[in-house]
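Structural overview for review
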Amino acid sequence: MRGDTDEAIFLKDYAPTPYLVEKVELDVLFKPDRTRVRALLTLVPRDTTEPGTPLELDGDALTLDSIAVDGLPLALTAYKETEAGLTLIEPPHKRFVLETNVWLEPENNTELMGLYRSSGTWCTQCEPEGFRRITYYLDRPDVLAPFKVKMTADRQLAPVLLSNGNLVDQGQKDDGMHFAVWEDPHPKPAYLFAMVAGDLGSIHDSFTTMSGRDVALGIYCEHGKEDRCAYAMDSLKRSMAWDEKRFGREYDLDIFNVVAVSDFNFGAMENKGLNIFNDKLVFAQPETATDADYASIESVIGHEYFHNWSGNRVTCRDWFQLCLKEGLTVYRDQEFSMDERSRPVNRIEDVRQLRQIQFPEDGGPLAHPARPDNYREINNFYTATVYEKGAEIVRMLATLLGEADFRKGLDLYFERHDGDATTIEAFIAAFEEATGSDLQQFQQWYLQAGTPELKVTDRYDPETQTYVLELTQSTPPTPGQSEKQPMVLPIKFGLIGPNGSEMNWDTVSGGEVRDDMIVMNTPSLALTFTGIPNRPVPSLLRGFSAPVKLKTPLEQDDELFLARHDSDPFNRWQALQDVATRLMTEAVAGTDWSDADLDGIASALEETLASKDLDPAFKANALALPAEQTIARAIGQDIDPARIHAVRDALISGIVSRLAETLEKLYLTNDSRLSYSPDFKQAGRRAMKNAALSLLVAGGTAHGPRLAREQYERAQNMTDRIAALTPIVTAWTPDAQALLGDFRTMYTADPLVLDKWLALNAAAPDEGVIGRIKAILADPSFPRNNPNRLRALMGTFAMRNPTQFARADGAGFRLVSEFVADVDTRNPQVAARVLTAFRVWKMYEPTRRAAAENALKSLKESGDLSRNTAEILDRTLAG
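So, a few notes on the structure that sits alongside this text. (Residues numbered from 1 in each chain as written. Predicted model: local features only at pLDDT ≥ 70, side-chain atom pairs only at ≥ 80, totals over all residues. Heavy atoms only, no water.)

Examining the sheet that holds strand E15 (residues 177-188)
Within the open sheet, the 8 strands sit side by side as E6-E5-E9-E3-E2-E12-E15-E14. Their pairing is mixed. The open sheet has two free edges, formed respectively by strand E6 (72-73) and strand E14 (166-172), since each of these has just one partner strand. Relative to strand E9 (residues 96-104), strand E5 (residues 63-69) runs antiparallel, the two being bridged by 6 bridges. Note that in E9 the partner of Ser66 across the bridge is Asn101. (Pairing = 2+ DSSP bridges. Helix = DSSP H or I, 4+ residues; strand = E, 2+ residues; numbered from the N terminus.)

Okay, here's the thing in structure tokens:
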């Protein structure tokens, strides 16, 4: 395995480059079979650089044609080429210009890093280390320089030529070629460089900034898809306006372009002034995109735009600081979506995502701090810990400081580090200086892996009207970190009285309490509240104010009380989740629920649905029982996914038997024929209606499958069509096979909708799923190099079908490991990401655990794996 010999890179070894890049000029000639890149790099040694220090440039898959310094060709003895780059053995000890000419083969670049072709269009992906596949360079984020790029191509083949910055020149040539010159005045690291050349359609608009500047906006895409870009353009304009209003951040160039491509390893990339997007996060029409697709487009368009300040103007010094730009920007895009839609509902959805993806990462062999201290392959650290947990850390900081002080600190951070490549320590220091706070212990959130567990006990003394709340925190050991420090936890809370109202108290002692927030920074504390006339029910961690696992002494009656009365919407939803989780974990362990248990949760759900104070989208979330993976995490060991699946189905049936009439009425009264709009209000009504339909099918009601089939057949938008087909396929009703075939026939020409068909096939928990997946993979028409298709099929199976992925006979494990071995030869990033599904393998019961281990060991023995996949495999096996 190549990965066995790769050395780890350590944060402690960071050192600046011996040479600075003052200016980059590129001349790129696109030809049908290959591309030539002429690079002029103006370099200067640092004051501390000793004469004769070699200049080591990164390079990968480049064919060097010529090399010169200050216009003079270099002798063969003056430089050295290796697979990893190019070394000038003794460069001038003064400012000099290095000129290289290299040839690339974008058509054969299946890794989709550097310059490659997607459906005939040349495009780039340079983060984190793709620029070295375009030319020789100091390809690291702390090397910032202004870029000027001349692009030349056949004007019939590539009439559109785009790069970063502003268009400063363009023209035609007599030989059918044309050129464009782009200049970005803002120094940037190479990972933010971008080019696009192709025959593309486009839509255009403009935005006037708060200082009165007009910015030209463009979205480029395949011809014929222009009408699918309107919502993305609207989202972009709303993002720009929101960032000015909320954070005072104004755009700084004359042009902002977005390009949608069909082959892309990521969701999108924030290249300065030229964002390149996976087309699934740009294209939307009611007939082909769901409400969730529209919400994702809005979120990711915002995310990449917000990077203009949190990532571009201020970037990270090294890749260990990746969370600095990604965690902050995820927080900003979450806030944008909350302001545009519903704060409680979006918070629920964000936390559900965090728990489903990041919590297992933090509790398994792939656990790492938000800022890791070493890595072998940086692509493997684009993780939920860096993104989603990173956002939670920023959210806690905002909660602790308050909105006004958080804004002061963020303003100082942007002002102080504009144009810099900086660190987590500098980020924290800006908030300390702006607010006078001591945040050194809080900074531990970036340095310590694992999800803290917060255990709570309480007692009440009616004679003294005193209530004591005892809290204890601990973080389990993680790979490389056996000893853990106590964290700073902002715990939003309330005390609920017998009448369902908030209770006040006279005094509180034993710890720091700021109004409705407990600030915990010790392993344990005991808070004593006086003046409490009745025993309260505590509502803790409101709004999920800290990313921890909460264990409380609340009984089911208390949880149902919170589900009915808590003024915090998140905790109202959480209480219902906790009741359902408790019933299922106990049933898996052998203690069945009673009729009274089912009556209690059904009654609470019915009251939730009847409430006039809760919006439909919240009610839709309330109807969604905890996923099978959630139950598995709550059990923690000796997991039998088939048993969990059966128990969850049984609980759904028990609840639906009590609510069938209510659910059917809810479905029928909200089955609107209004013209489609993706706005939050209408989307919420659809979500509530379709949640009811899903339960009617899953619960085995007589009318459910018929209602779902009829909705599928008459649906006027993709949201309703998919919402009808999904429970049919999940339950594998008699209509499932025929309707899946109908769906494929209807949308076979639309790749993004075909992804939905692939995902539906892969997520079905029936015994025939592996056979269907193998047949799809064997179909010659299946696009085996497209990341979206691969993720939709195998990513879904591995991540969202626990019953069949973790079959006792090991067939699911073998299917995924064989897929990883195959795809790794073409696209290591996709292969490594799918392989992370095995991160929970040691939690399975012994038979499944042995089968998973065998599949992993077979993969290790299969051959020459990429560094990406080898690292994930080694860490997963080590456990």
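Having seen it, we continue.
Digging into helix H24 (residues 828-835)
Taken across its 8 residues, H24 has 7 buried, putting it largely inside the fold. Buried residues of H24: Pro828, Gln829, Val830, Ala831, Ala832, Val834 and Leu835, and no others. (Buried < 20%, exposed > 50% of the residue type's maximum accessible area, 1.4 Å probe, protein only.)

Points about the packing of aromatic side chains
Counted according to the given criterion, the structure contains 41 aromatic pairs. Clustering of aromatic rings is evident, with ring pairs tying together Trp242, Phe247, Tyr251, Phe256, Tyr305, Phe306 and Phe336. A cation over an aromatic ring shows up here: Lys150 above the ring of Phe179, its NZ or CZ 5.0 Å from the ring centre. Looking at Arg317, its charged tip hangs above the ring of Tyr14, at a distance of 3.7 Å from the centre. (Phe/Tyr/Trp six-rings, centres within 6.5 Å; stacked < 30°, edge-to-face > 60°. Lys NZ or Arg CZ within 6 Å of the ring centre and 35° of its normal.)

What about the side chain of Asp350?
Mapped onto the elements, Asp350 comes out in helix H4 (residues 343-362). This buried residue, Asp350, is left without a salt bridge; Arg347 holds the nearest opposite charge, at 5.0 Å. Once residues lying within four places of it in the same chain are set aside, the contact partners of Asp350 are Gln334 and Met338. (Lys, Arg positive; Asp, Glu negative; His and termini not counted. Salt bridge = Lys/Arg side-chain N within 4 Å of Asp/Glu carboxyl O. Contact = heavy atoms within 4.5 Å.)

Comments concerning unusual backbone geometry
Of note, the amide linkage connecting Glu127 to Pro128 takes the cis form, showing an omega dihedral of 0°. For Pro128, the position within the fold is in the loop between strand E11 (121-125) and strand E12 (145-154). Positive phi is not limited to glycine here, since Leu112 has a value of about 60°. Mapped onto the secondary structure, Leu112 falls in the loop between E9 and strand E10 (114-118).

Here's the deal with the pairing of strand E3 (residues 35-45)
Most of E3 sits out of view: 10 of its 11 residues are buried. Pairing between strand E2 (residues 19-30) and E3: 11 bridges, direction antiparallel. Directly across from Asp27, in E3, lies its bridge partner Arg38. The antiparallel hairpin formed by E2 and E3 contains 4 residues in its connecting segment. Where E3 lies against E9, 9 bridges are found, and the strand directions are antiparallel. Across the sheet, Thr42 pairs through a bridge with Val97, a residue of E9.

Overview of the pattern of salt bridges
All chains considered together, the criterion is met by 74 salt bridges. Across the pair Arg238 and Glu298 runs a salt bridge, and its minimum N-O distance is 2.9 Å. With Arg238 in helix H1 (residues 230-247) and Glu298 in helix H2 (residues 291-306), this residue pair connects regions lying 60 residues apart in the sequence. Take Glu298: its relative accessible area is 2%, and that puts it in the buried class. Here Asp779 and Arg744 are joined by a salt bridge, their closest N and O atoms 3.5 Å apart. In this pair, Asp779 is assigned in the loop between helix H20 (769-778) and helix H21 (787-800) and Arg744 in helix H18 (residues 736-747), connecting sequence segments 35 residues apart. Overall, the relative accessible area of 30% leaves Arg744 in the partly exposed class. Bridged by salt links that share partners, the residues Asp234, Arg238, Glu298, Glu340 and Arg341 form one connected network.

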